[in-house]
Amino acid sequence: MEMNHILIVEDDKDIREAVAIYLKSQGYEVFQAGDGVEGLEMLEREEIHLAIVDIMMPRMDGITMTMKLREKHDFPVIMLSAKSEEVDKVMGLNIGADDYVTKPFTPMELMARVNSQMRRYKRFMEKLQQKEQENTDSIYTMGGLELNESTFEVRVDGAPVKMTPMEFKILLLLIKNPGRVFSADEIYERVWNERAVNTETVMVHVRNIREKIEINPKEPKYLKVVWGVGYKIEKFS
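Taking an unreviewed UniProt entry as the reference, the protein is identified by name as Stage 0 sporulation protein A homolog belonging to Blautia pseudococcoides. In its Function (unreviewed entry) section, the UniProt entry covering the protein states "May play the central regulatory role in sporulation. It may be an element of the effector pathway responsible for the activation of sporulation genes in response to nutritional stress. Spo0A may act in concert with spo0H (a sigma factor) to control the expression of some genes that are critical to the sporulation process."

Encoded structure:
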């Protein structure tokens, strides 16, 4: 099925409907919800391929909704945030959002983010399907860290760790090149396949990966920061 279903979760009806108009003009099928509770209910009824989620909403905010949807879904999430919600924006990236757009925003900016995330998600799903058809495993291990490129699974000391597609791609890049230091710009360009424009996103994703794979993220065993240079997966002898 063509991946073109987008869910807008925004309590401001005018913003929600304006975004829907632009999305429909780009050929997307649009579903709408006024808060996080309605958004989760919509996910139970419809197949969604990307969600645009406002942070500040009644009943259930965007942070809580994103945490709950990440328990079952891997599709991209773009968060909408006001300038005053900087802390919530970073928290959103920490708990599984893929990108954010700050209000007020132009329709062209949002459409560019949506189209970019959808392209990446389609490539991710196509690669997953191809790997499943080939039924060949490419497993990378470093100490107790194990990453299966074919099944998109990550394990630490045998225990499964759930990763978002972008987290998986970053970790795959690093574990394929143990000991090599990658700058935030280089990670962004290799993983996002675009010129580096938002390395803050890389830093948040890296921090999120460390929270998932390290016993003590403050004293990491695997994903190390080389201050002033970048990040690497520690090479074990």
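There's more to say after this.
A.B. asks: Explanation requested: the sheet that holds strand S9 (residues 159–161) in the structure shown.
C.D. replies: Within a sheet, each strand pairs with its neighbour through backbone hydrogen bonds, oriented either parallel or antiparallel. As summarised here, the arrangement of the four strands in space is S6-S7-S8-S9, forming an open sheet in which the pairing is antiparallel. Bordering the open sheet on either side are strand S6 (139–142) and S9, each of which pairs with just one other strand. Between one strand and the next, the sheet's axes are offset by a mean angle of 25°, whatever the strand orientation. Where strand S7 (residues 145–148) and strand S8 (residues 153–156) come together, four bridges link them in antiparallel fashion. Of the residues in S8, the one forming a bridge with Leu145 is Val156. This element, helix H6 (residues 165–175), spans S6, S7 and S8 of the sheet and lies at about 110° to S7.

A.B. asks: Where do I start with helix H7 (residues 184–192) in this structure?
C.D. replies: Count 3.6 residues to each turn of an α-helix, and residues three or four apart come out pointing the same way. Residues of H7 that are buried include every one of Ala184, Ile187, Tyr188, Val191 and Trp192, and no others. The buried residues of H7 occupy an angular sector of 100° when projected down its axis, which confines them to one face. At the exit of H7 stands Asn193, carrying a positive phi of roughly 55°.

A.B. asks: What should I look at first to understand the pattern of salt bridges in this one?
C.D. replies: Side chains that differ in sign of charge can pair as their charged atoms come close. For the structure shown, the criterion picks out 15 salt bridges. For the salt bridge of Lys72 with Glu44, the shortest nitrogen-to-oxygen distance reads 3.4 Å. Here Lys72, found in the loop between helix H3 (62–69) and strand S4 (77–82), pairs with Glu44, found in helix H2 (residues 36–45); they are 28 residues apart in sequence, far enough to count as distant. Both residues of the pair, Lys72 and Glu44, belong to the exposed class. Note that Asp98 and Arg70 form a salt bridge whose closest N and O atoms lie 2.9 Å from each other. Linking Asp98 in the loop between helix H4 (86–94) and strand S5 (99–103) with Arg70 in the loop between H3 and S4, this pair joins segments that are 28 residues apart in sequence. Summarising the burial analysis for this pair, Asp98 and Arg70 share the class buried. Beyond isolated ion pairs, a larger network of salt bridges with shared partners links Glu10, Asp54 and Lys103.

A.B. asks: Looking at this structure, I do not really get the layout of surface pockets. What am I missing?
C.D. replies: In this approach the atoms are scanned with a rolling probe the size of a water molecule, which exposes any empty space left behind. Size it by volume and the largest pocket reaches roughly 310 Å³. As for the largest pocket, its lining consists of 15 residues, of which Lys127, Lys169, Leu172, Arg190 and Val191 are closest to the centre. Of all the elements in the fold, those that place two or more residues in the lining of the largest pocket are helix H5 (107–134), H6 and H7. No fewer than three residues from each of domain 1 (3–128) and domain 2 (137–231) sit in the lining of the largest pocket. Put simply, the second largest pocket is a space of about 190 Å³. Contributions of two or more residues to the lining of the second largest pocket are made by H5, S8, S9 and H6.

A.B. asks: Can you help me understand empty space enclosed by the protein in this one?
C.D. replies: Under the defined criterion, the tally for this structure stands at one cavity of 30 Å³ or more. Put simply, the largest cavity is a space of about 60 Å³. In terms of lining, the largest cavity is formed by Asp74, Phe75, Pro76, Asp98, Gln117, Arg120, Tyr121, Phe124, Pro165 and Met166. Elements with a minimum of two residues in the lining of the largest cavity: H5 and H6. Across the lining of the largest cavity, the residue classes break down as six nonpolar, one polar and three charged.

A.B. asks: What is the right way to look at the nonpolar core in this model?
C.D. replies: Across soluble globular proteins, you tend to see nonpolar side chains buried next to one another. By size, the foremost hydrophobic cluster in this structure holds 43 residues, and its most contacted members are Leu7, Leu23, Ile52, Met65, Leu110 and Val114. Counting residues per element, this core draws most heavily on H5, which supplies five residues. Beyond its immediate chain neighbours, meaning those up to four positions away, Met65 contacts Leu7, Val9, Gly36, Gly39, Leu40, Leu43, Val53 and Met60. In this structure, Leu147, Phe168, Ile209 and Ile213 belong to the second largest nonpolar core, which totals 33 residues.

A.B. asks: In this structure, what is going on with the pairing of strand S2 (residues 29–33)? I would like to understand it.
C.D. replies: A regular strand places its side chains so that they alternate between the two faces of the sheet. Where strand S1 (residues 5–9) lies against S2, five bridges are found, and the strand directions are parallel. Bridge pairing in S2 places His5 opposite Glu29. The parallel pair S1 and S2, bridged by helix H1 (residues 13–25), forms a crossover whose chirality is right-handed.

About the criteria used
- Residue numbers run consecutively from 1 along every chain, following the written order of its sequence.
- It should be noted that, the model being predicted, local features are given only for residues of pLDDT at least 70 and side-chain atom pairs only at 80 or more, the latter also being counted only at that level, while totals for whole chains, interfaces and linings use all residues.
- To get the side-chain values, take all heavy atoms of the structure and skip hydrogens and water.
- UniProt positions are given in the numbering used here, feature names are shortened, and annotations may be inferred rather than shown by experiment.
- Note on pairing: DSSP must find at least two bridges between two strands before they are called paired.
- Only DSSP runs of H or I covering at least 4 residues are called helices, and only runs of E covering at least 2 are called strands; the numbering of each starts at the N terminus.
- Angles here are taken between N-to-C directions and fall from 0 to 180 degrees, while the axes themselves are lines fitted to C-alpha atoms, restricted in helices to the stretch in contact.
- Every residue pair with non-hydrogen atoms within 4.5 Å of one another is taken to be in contact.
- Under the scheme applied here, a residue whose accessible area is under 20% of the maximum for its type counts as buried, over 50% as exposed, and between as partly exposed, the area being computed with a 1.4 Å probe on protein chains only.
- The arc under discussion is defined with respect to the helix axis, by the directions toward the C-beta atoms.
- Whenever a carboxyl oxygen of Asp or Glu lies within 4 Å of a side-chain nitrogen of Lys or Arg, that contact is scored as a salt bridge.
- With a 1 Å grid laid over protein atoms only, a set of points is called a cavity when a 1.4 Å probe fits there but cannot get out and a pocket when it is open yet has protein on both sides within 12 Å along at least five of seven lines; lining residues have an atom within 4 Å of a point.
- Grid points are joined across faces, edges and corners, and a volume is the space filled by probe spheres set on the points.
- Segmentation into domains, and thus their bounds, comes from an automatic or database assignment.
- For this classification, the nonpolar set comprises Ala, Val, Leu, Ile, Met, Phe, Trp, Tyr, Cys and Pro, the charged set comprises Asp, Glu, Lys and Arg, and every other residue, Gly included, is treated as polar.
- In these notes, a set of buried Ala, Val, Leu, Ile, Met, Phe, Trp, Tyr and Cys residues joined through side-chain atoms within 4.5 Å is what counts as a nonpolar core.
- Crossovers are described as right-handed under a simple rule: with the strands pointing away from the observer, the path leading from the first strand over the helix to the second runs clockwise.

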